[in-house]
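Residue strings, one per chain:
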Amino acid sequence: MNVEVPNFGELLAPFIGQVEPQYVPNFLALLERQAAQRYRDWADMWPEEREGLLQCAAREDQISDIIEALFPIPGEVAEKIAEPLPGARDLYYQVFDGIPVQQQLAIQAEAELQGAAAWQGMLDESTPEPVRNALNRCSQLEETSSAFVKSILQ
């Protein structure tokens, strides 16, 4: 399926930029929870693929859980980094407005690969092994969801 896929990092940069750099992973975890809800919505729209789409939602939540455990933050910080979330969520949802669910999912499959690359982009030679392993796991979860979505669109 040939669809135009935005660069979600660039699209969401104005919102990500409102978050202090050390808290960007936590903000991205919040965005992952939004993607999980999106998968739940798609599962309602495409009952034949409901179970697989709900598994994608669970992977998005798992990514959030991993990041939140890896980078714990105090409640007041969590509130502050959540401030740009509604705008980011609304902009993310606008990408999918008015197009059929299969096209929405084709875009999401590519967004998952962008997410996998974002987690990998946080790694460097000084990254401690537990953090490296966790971020690699997040990338794998993103790639698994992308592969599933692509498989149902063929």
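Here the structure is shown first, and the text comes after it.
Residues numbered from 1 in each chain as written. Predicted model: local features only at pLDDT ≥ 70, side-chain atom pairs only at ≥ 80, totals over all residues. Heavy atoms only, no water.

1. Regarding the pattern of salt bridges
Enumeration according to the criterion identifies 7 salt bridges in this entry. Between Asp90 and Arg89 there is a salt bridge, with its nearest N and O atoms 3.1 Å apart. Among the charged side chains, a salt-bridge network with shared partners connects Arg33, Arg40, Asp61, Asp65 and Glu68. (Salt bridge = Lys/Arg side-chain N within 4 Å of Asp/Glu carboxyl O.)

2. Comments concerning helix H3 (residues 50-70)
Between its first and last C-alpha atoms H3 spans 30 Å; for 21 residues at 1.5 Å apiece the expected length is 30 Å, and the two agree. For H3, the set of buried residues is Gly52, Leu53, Cys56, Ala57, Arg59, Glu60, Asp61, Ile63, Ser64, Ile66 and Ile67. Residues of H3 that are buried sit in contact with helix H2 (24-45), helix H6 (101-121) and helix H7 (129-153). (Helix = DSSP H or I, 4+ residues; strand = E, 2+ residues; numbered from the N terminus. Expected span 1.5 Å × (residues − 1). Buried < 20%, exposed > 50% of the residue type's maximum accessible area, 1.4 Å probe, protein only. Contact = heavy atoms within 4.5 Å.)

3. Quick look at the nonpolar core
Within soluble globular proteins, side chains that are nonpolar tend to cluster in buried spots. Core analysis: the largest hydrophobic core is formed by 24 residues, its most contacted members being Phe27, Leu31, Ile67 and Trp119. Other than its neighbours up to four places away in sequence, Ile67 contacts Pro25, Asn26, Ala29, Trp119, Leu135 and Cys138. Formed by 21 residues, the second largest nonpolar core is a distinct cluster that contains Phe8, Ala36, Leu53 and Ile152. (Core = buried A, V, L, I, M, F, W, Y, C linked by side-chain atoms within 4.5 Å.)

4. Observations regarding the side chain of Gln108
Along the chain, Gln108 turns up in helix H6. Among the residues examined, Gln108 registers a relative accessible area of 3% and is labelled buried. Reaching out from Gln108, the side chain makes a polar contact with the side chain of Tyr92 at a distance of 2.6 Å. Apart from residues lying up to four places away in sequence, Gln108 is in contact with Ala35, Tyr39, Trp42, Tyr92 and Phe96. (Polar contact = N/O pair within 3.5 Å; in protein donor to acceptor, adjacent residues only side chain to side chain.)

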